[in-house]
Amino acid sequence: MRFRPTAPPLDHEGHPENAVWFCKDHVRHTEGKTHMSAVLAMVHIRAAVRRAGPNPWPLTSIP
């Protein structure tokens, strides 16, 4: 997934700037975030992954 550049492209070989790899389970959380920098997008993606995860305190555990 490529995100918005935060600096002019560097003239070197290697990992592309602002490109991040996501597994099939997490790539859905990248939708609508390509206008953000990779750093800001990761903050939002990590929060979305946490919200989508299992609830450690489900209501059924209340006595």
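This text goes with the structure placed above it.
This one's a predicted model, so the numbers in the text were calculated from it and none came from an experiment.

Student: Looking at this structure, how should I read the overall build of the protein?
Tutor: Across its full length, the protein holds one helix and zero strands. Out of the 63 residues in the protein, the part that is buried amounts to 22%. Partitioning the intrachain contacts of the protein with sequence separation of at least 6 by distance along the chain shows that 38% fall at a separation of at least 24. For the protein, the accessible surface area stands at approximately 5,400 Å², while carbon and sulfur atoms represent 61% of it.

Student: When you look at the nonpolar core in this model, what are you seeing that I'm missing?
Tutor: With seven residues, the main nonpolar core is built from Phe3, Phe22, Met36, Ala38, Ala41, Met42 and Ile45. What Met36 contacts, discounting residues up to four positions off in sequence, is Phe3, Arg4, Ala41 and His44.

Student: Sorry, what's going on with the side chain of Thr30 here?
Tutor: Position of Thr30 among the secondary structure elements: in the segment before α1 (38-52). Judged by its relative accessible area of 2%, Thr30 is buried. When sequence neighbours within four positions are dropped, the list of residues in contact with Thr30 reads Met1, Phe3, Phe22 and Ile45.

Basis of the calculations
- Residues numbered from 1 in each chain as written.
- Predicted model: local features only at pLDDT ≥ 70, side-chain atom pairs only at ≥ 80, totals over all residues.
- Heavy atoms only, no water.
- Helix = DSSP H or I, 4+ residues; strand = E, 2+ residues; numbered from the N terminus.
- Buried < 20%, exposed > 50% of the residue type's maximum accessible area, 1.4 Å probe, protein only.
- Contact = heavy atoms within 4.5 Å.
- Areas by Shrake-Rupley, 256 points an atom, 1.4 Å probe, with all protein chains shown as cover.
- Core = buried A, V, L, I, M, F, W, Y, C linked by side-chain atoms within 4.5 Å.

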